[in-house]
Amino acid sequence: MAVFTPVTLEQVNAWLACRYALGEAVEIKGINSGIENSNFFLTIRNGEVTSEFVLTLFERLAAQQLPYYLNLMGHLAQKGIPVPAPMANIEGHFLDSLNGKPATIVTKLAGSSKLEPTAAHCFQVGQMLAKMHLAGQDYALSQPNLRSLPWWRETIPVVLPHLNPAQAELIQSELVDQEDFFASDNYHALPAGPSHCDLFRDNVLFDKVAGEDQLGGFFDFYFAGTDKWLFDLAVTVNDWCIDLKTGSLKPEHYFAMMSSYMGTRELIRQEKESWPMMLRAAALRFWISRLWDFHLPRDAQMLTPHDPTHFERVLLERRKHVIDIPETV
């Protein structure tokens, strides 16, 4: 999240008055994390009640793509999964437009991100991720993960001129391996459904309950798609369960997340056999996107692209050390 399209308090109040029945905005503040959309914390007063929301203006996604994400959040919220609930406008739609951009308002979750998670945090995330996958099984809409293999094929040639020879060989070699994996019988047998596809540490909130950290919710679903659930789990493990300096897995964190996930949704044989390649796929996906954001940046207020070499290290680790499902799970 960043700010590419500024919005003033006067502009948002004129919009709210015409398009919503939520009340009057008394404060708007830009959010300075992430790199895809313009995001703002929005405080709205309705009579004597003041409520917190998040306003998002979509910078890259087309309006026809957005109902998938917004209705998915609405579906999951109704199923009891702690996610931001989108607010309907006066016509009953979750999607509107502001300052020439598609826009939406969602509820603001309580809590804060745990950027140095413990194994206990990983356990809660793994369990809720499995619950989210199961809750999405009957979601009516379908839309592919827009940052999957077709996008990798399109984007690698664009970033290739910015790589040194060793990096170029690595990224092209891994793409060939992933093309073979995606064409395999095992891959096609993997269970699929709505997936977050970007469940990093900064997209999960924890709140204090009786002095203990309790998962407050998952947010930022705008990379979500209908994909293999195993990919969603691999993306999450590759961020939550690693040493950020080396990319290597932390055994206690890894076991906590895998045991809680599999205690809620059991993995089938093909998922267990595909796990090492899926961890590599998840690392490749974010190496490519970070290379793209770093070398082909867009102008934005408060935008700082992520270091792409982080996921290069993670990919090298996954290629060097094959990671299996923990035997005791």
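Here's a quick rundown of the structure. (Residues numbered from 1 in each chain as written. Predicted model: local features only at pLDDT ≥ 70, side-chain atom pairs only at ≥ 80, totals over all residues. Heavy atoms only, no water.)

### Considering the overall build of the chain
And step 1. Scanning the chain from terminus to terminus reveals ten helices and nine strands.
And step 2. For 329 residues, the compact-globule formula gives about 20 Å, and the C-alpha radius of gyration of the chain, at 20 Å, lands near that figure.
And step 3. Dimensions along the principal axes, computed over C-alpha positions, put the chain at roughly 60 × 50 × 35 Å.
And step 4. Looking at the chain as a whole, 53% of its 329 residues qualify as buried.
And step 5. If you take every contact in the chain between residues at least 6 apart in sequence, the share linking residues at least 24 apart comes to 75%.
And step 6. If you average the places of the 27 positive and of the 39 negative side-chain charges in the chain, the two averages end up 2 Å apart. (Helix = DSSP H or I, 4+ residues; strand = E, 2+ residues; numbered from the N terminus. Rg over C-alpha atoms; globule rule 2.2 N^0.38 Å. Buried < 20%, exposed > 50% of the residue type's maximum accessible area, 1.4 Å probe, protein only. Contact = heavy atoms within 4.5 Å. Lys, Arg positive; Asp, Glu negative; His and termini not counted. Charge placed at Lys NZ, Arg CZ, Asp CG, Glu CD.)

### Points about the packing of helix H4 (residues 149-159) against helix H9 (residues 269-295)
And step 1. Interhelical geometry of H4 versus H9 gives an angle of 45° and a closest axis separation of 10 Å. As summarised for this structure, H4 and H9 are arranged oblique, according to the angle between their axes. In the crossing of H4 with H9, the sense of the turn from one axis to the other is left-handed. The segment H4 lies against H9, with Trp151, Trp152, Thr155, Ile156 and Val159 engaging Ala281, Leu284, Arg285, Ile288, Ser289, Leu291 and Trp292.
And step 2. The class makeup of the residues in the contact of H4 with H9 is nine nonpolar, two polar and one charged. (Axes fitted to C-alpha atoms, helices over the stretch in contact; angles between N-to-C directions. Parallel < 35°, antiparallel > 145°, perpendicular 65-115°, else oblique. Left-handed = near helix turned anticlockwise from the far one by under 90°. Nonpolar A, V, L, I, M, F, W, Y, C, P; charged D, E, K, R; others polar.)

### Observations concerning the environment of Lys250
And step 1. Along the chain, the position of Lys250 falls in the loop between helix H7 (229-240) and helix H8 (251-264).
And step 2. In sequence terms Lys250 and Ile90 are 160 residues apart; their C-alpha atoms lie 49 Å from each other.
And step 3. If sequence neighbours within four positions are ignored, Lys250 has contacts with Cys241, Ile242 and Asp243.

### Brief notes about the packing of aromatic side chains
And step 1. Evaluation of the coordinates by the stated rule reveals 14 aromatic pairs.
And step 2. Three or more aromatic residues link up through ring pairs in this structure, and these residues are Phe58, Tyr68, Tyr69, Tyr139 and Tyr222.
And step 3. The ring of Phe223 has Arg285 lying over it, and the distance from NZ or CZ to the ring centre is 5.1 Å. (Phe/Tyr/Trp six-rings, centres within 6.5 Å; stacked < 30°, edge-to-face > 60°. Lys NZ or Arg CZ within 6 Å of the ring centre and 35° of its normal.)

### Observations concerning the pairing of strand S3 (residues 49-57)
And step 1. Of the strand pairs in this sheet, strand S2 (residues 38-46) and S3 are connected by nine bridges, and their pairing is antiparallel. Paired with Phe40 across the two strands is Leu55, which belongs to S3.
And step 2. Counting the residues that bridge the hairpin from S2 to S3 gives two residues, and of these Gly47 lies at a positive phi of roughly 70°. (Pairing = 2+ DSSP bridges.)

### A few points about the sheet that holds S2
The strands making up a sheet associate through backbone hydrogen bonding, with each pair oriented either parallel or antiparallel.
And step 1. Read from one edge to the other, the open sheet built from five strands follows the order S1-S2-S3-S5-S4, with strand pairing classed as antiparallel. With one partner strand each, in any of the chains shown, strand S1 (24-30) and strand S4 (96-98) form the two edges of the open sheet. The sheet shows a mean angle of 40° between the axes of neighbouring strands, taken without regard to direction.
And step 2. Two elements, S4 and strand S5 (residues 101-107), share three bridges in a ladder whose sense is antiparallel. Looking across to S5, one finds that Ser97 is bridged to Pro102.

### Quick notes on the pattern of salt bridges
And step 1. Applying the stated criterion across every chain yields a total of 17 salt bridges.
And step 2. Taken together, the shared-partner salt bridges connect Glu36, Arg60, Arg147 and Asp293 into one network. (Salt bridge = Lys/Arg side-chain N within 4 Å of Asp/Glu carboxyl O.)

### Concerning the environment of Val158
And step 1. Locating Val158 in the fold gives a position in helix H4.
And step 2. Between the alpha carbons of Val158 and His295 there is a distance of 9.6 Å; along the sequence they are 137 residues apart.

### Some points on H8
And step 1. The first and last C-alpha atoms of H8 sit 20 Å apart over 14 residues, in line with the 20 Å expected at 1.5 Å per residue.
And step 2. Inspection of H8 places His253, Tyr254, Ala256, Met257, Met258, Ser260, Tyr261 and Met262 among the buried residues, and these make up the whole buried set. (Expected span 1.5 Å × (residues − 1).)

### Some details on helix H1 (residues 9-19)
And step 1. For H1, every residue scored as buried is listed here: Val12, Asn13, Trp15 and Leu16. An end-on view of H1 places all buried positions within 160° of arc, on one side of the element. In H1, the exposed positions that point more than 90 degrees away from the buried face belong to Glu10, Ala17 and Cys18.
And step 2. Structurally, H1 contributes buried residues whose contacts are with S1, S2, S3, S4 and S5. (Arc of directions from axis to C-beta.)

### Topic: unusual backbone geometry
And step 1. Backbone geometry places Cys197, a non-glycine residue, at a positive phi of 70°.
And step 2. The exposure class assigned to Cys197 is buried, which follows from its relative accessible area of 1%.
And step 3. Residues other than glycine seldom take positive phi values, yet Ala210 does so here, at roughly 50°.
And step 4. Here Ala210 shows up in the loop between strand S7 (204-209) and strand S8 (212-218).

In short, geometric facts, not functional conclusions.
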